[in-house]
Amino acid sequence: MSKAAIAEMFARFQAANPNPETELEYASPYQLLVAVVLSAQATDKGVNIATRKLFAEAPTPEAMITLGEAGVTEHIKTIGLFRNKAKNVVALSYLLLERHGGEVPADRDALTALPGVGRKTANVVLNTIFRQPTMAVDTHIFRLANRTGLAAGKNVDAVEAALLRRVPKPYLLDAHHWLILHGRYVCTARKPACDRCLVRDLCNSRDKTDLPPPGSPDHV
DNA sequence: ATCCCGAGGG
DNA sequence: CCCTCTGGAT
């Protein structure tokens, strides 16, 4: 995708959705951090169902520790990888109190030092809470970037670096959420809805593609 | 490279 | 049945 095409792509995203936001439900930086940790290999919809109950009982790190690993597990059993996540949420809450006065640190190294928090989760927190121009590359953005030609890369780190180079600065703060939402609802993994894609004419996969071939049941 | 791991969609 | 979902730790 050319430089001009990329600028056009984000201009359209911005016009269609001036203030894109996460679909995770949270009432504090702490709750967003926990929700993002829980969202690994899970849908936002499923995470929200679990966190409604979880945050009602444990809205703060102190309450989460009191609830304990067994209590957390009960609330998040409907989410995949729940044993690891329950352990991480409690341990992370303990470390937030011990190292950061119970606050979420605005620092990538401090964030990734927490259990269950890797580079992608840290980037989401830095962007969503602290409004830093980070690019968190998840399954949606990795797929969409490579498919459309927005930013090619064999792994998430390469795609992140390419996006930071190619996305025009004025769009960088909101690019993450625009791309996530586009990937979730339009440029989906299996059966992309190209017929209602806002940037269809700019997409490399119009003629050279990893999409299902024309004529197949999955072709849109 | 492997494991973790439930819910929803097709 | 199989694939996908805002990955991280070993």
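About the criteria used
- Residues numbered from 1 in each chain as written.
- Chains lettered and ligands numbered in written order.
- Predicted model: local features only at pLDDT ≥ 70, side-chain atom pairs only at ≥ 80, totals over all residues.
- Heavy atoms only, no water.
- UniProt positions renumbered as here; feature names shortened; annotations may be inferred.
- Helix = DSSP H or I, 4+ residues; strand = E, 2+ residues; numbered from the N terminus.
- Near = heavy atom within 4 Å.
- Polar contact = N/O pair within 3.5 Å; in protein donor to acceptor, adjacent residues only side chain to side chain.
- Nonpolar A, V, L, I, M, F, W, Y, C, P; charged D, E, K, R; others polar.
- Phe/Tyr/Trp six-rings, centres within 6.5 Å; stacked < 30°, edge-to-face > 60°.
- Buried < 20%, exposed > 50% of the residue type's maximum accessible area, 1.4 Å probe, protein only.
- Salt bridge = Lys/Arg side-chain N within 4 Å of Asp/Glu carboxyl O.
- Lys, Arg positive; Asp, Glu negative; His and termini not counted.
- Contact = heavy atoms within 4.5 Å.

- Where an unreviewed UniProt entry is consulted, chain A appears under the name Endonuclease III, with the organism given as Denitromonas halophila.
- The heading Sequence similarities (unreviewed entry) in the UniProt record of chain A holds the text "Belongs to the Nth/MutY family."
- We quote the UniProt Catalytic activity (unreviewed entry) comment for chain A here in full: "2'-deoxyribonucleotide-(2'-deoxyribose 5'-phosphate)-2'-deoxyribonucleotide-DNA = a 3'-end 2'-deoxyribonucleotide-(2,3-dehydro-2,3-deoxyribose 5'-phosphate)-DNA + a 5'-end 5'-phospho-2'-deoxyribonucleoside-DNA + H(+)".

## What about the UniProt feature "domain: HhH-GPD" (unreviewed entry) in chain A?
Phase 1 of the analysis: The UniProt feature table records "domain: HhH-GPD" (unreviewed entry) at residues 38-185.
Phase 2 of the analysis: A distance of 21 Å separates the end C-alpha atoms of residues 38-185, which is 70% helix and 0% strand.

## Considerations on the protein's contact with DNA strand B
Phase 1 of the analysis: The immediate surroundings of DNA strand B are formed by Gln 41, Lys 77, Thr 78, Ile 79, Gly 80, Leu 81, Phe 82, Arg 83, Asn 84 and Arg 190.
Phase 2 of the analysis: Leu 81 has a polar backbone atom sitting 2.6 Å from a sugar or linking oxygen of DNA strand B.
Phase 3 of the analysis: In this structure, a phosphate oxygen belonging to DNA strand B sits 2.5 Å away from a side-chain N or O atom of Arg 83.
Phase 4 of the analysis: Broken down by class, the residue content of the surface near DNA strand B amounts to three nonpolar, four polar and three charged.

## Details of the packing of aromatic side chains
Phase 1 of the analysis: For the structure shown, the criterion picks out four aromatic pairs.
Phase 2 of the analysis: Each ring, one from Phe 10 and one from Phe 13, has its centre 5.9 Å from the other, and the planes form 75°; the classification is edge-to-face. Linking Phe 10 with Phe 13, this pair stays in helix H1 (residues 3-16), spanning three residues, or about one helical turn.
Phase 3 of the analysis: Overall, the relative accessible area of 0% leaves Phe 10 in the buried class.
Phase 4 of the analysis: On the basis of relative accessibility, which here comes to 5%, the residue Phe 13 falls in the buried class.
Phase 5 of the analysis: With centroids separated by 6.3 Å and ring planes inclined at 65°, the aromatic side chains of Tyr 171 and Trp 178 adopt a geometry described as edge-to-face.
Phase 6 of the analysis: Three or more aromatic residues link up through ring pairs in this structure, and these residues are Phe 10, Phe 13, Tyr 171 and Trp 178.

## Examining the pattern of salt bridges
Phase 1 of the analysis: One pass over the structure, following the stated rule, counts nine salt bridges.
Phase 2 of the analysis: Taking the shortest distance from any N to any O, the salt bridge between Glu 25 and Arg 52 comes out at 2.9 Å. On the criterion of sequence distance, the pair formed by Glu 25 in the loop between H1 and helix H2 (29-38) and Arg 52 in helix H3 (residues 44-57) is long-range, its members being 27 residues apart.
Phase 3 of the analysis: In this structure, a network of salt bridges that share partners links the residues Glu 8, Arg 12 and Asp 201.

## Here's the deal with the protein's contact with DNA strand C
Phase 1 of the analysis: Residues in close proximity to DNA strand C total 28 residues, the closest being Asp 44, Thr 121, His 140, Arg 143 and Arg 190.
Phase 2 of the analysis: Counting only atoms of DNA strand C within 4 Å of the protein, the fraction found in sugar and phosphate groups is 67%.
Phase 3 of the analysis: At a separation of 3.0 Å, a sugar or linking oxygen of DNA strand C approaches a polar side-chain atom of Asp 138.
Phase 4 of the analysis: For DNA strand C, a phosphate oxygen lies 2.6 Å from a polar atom in the side chain of Arg 143.
Phase 5 of the analysis: Taken together, the elements giving at least two residues each to the surface near DNA strand C come down to helix H7 (119-128), helix H8 (139-148) and helix H10 (169-185).

## Some thoughts on unusual backbone geometry
Phase 1 of the analysis: A positive phi angle is found at Gln 41, which is not glycine, with a value near 55°.
Phase 2 of the analysis: As for its position among the elements, Gln 41 is in the loop between H2 and H3.
Phase 3 of the analysis: Here Leu 81, not a glycine, exhibits a phi torsion of approximately 60°, which is positive.
Phase 4 of the analysis: With respect to the helices and strands, the residue Leu 81 is situated in the loop between helix H4 (61-76) and helix H5 (82-100).

## Here we look at the side chain of Lys 85
Phase 1 of the analysis: Residue position: Lys 85 is located in helix H5.
Phase 2 of the analysis: Here Lys 85 sits buried without a salt bridge, and the closest side chain of opposite charge, Asp 44, lies 9.9 Å off (N-O distance).
Phase 3 of the analysis: A polar contact is formed between the side chain of Lys 85 and the backbone oxygen of Gly 80, at a distance of 3.0 Å.
Phase 4 of the analysis: Other than its neighbours up to four places away in sequence, Lys 85 contacts Val 37, Leu 38, Ser 39, Ala 40, Ala 42, Ile 76, Ile 79 and Gly 80.

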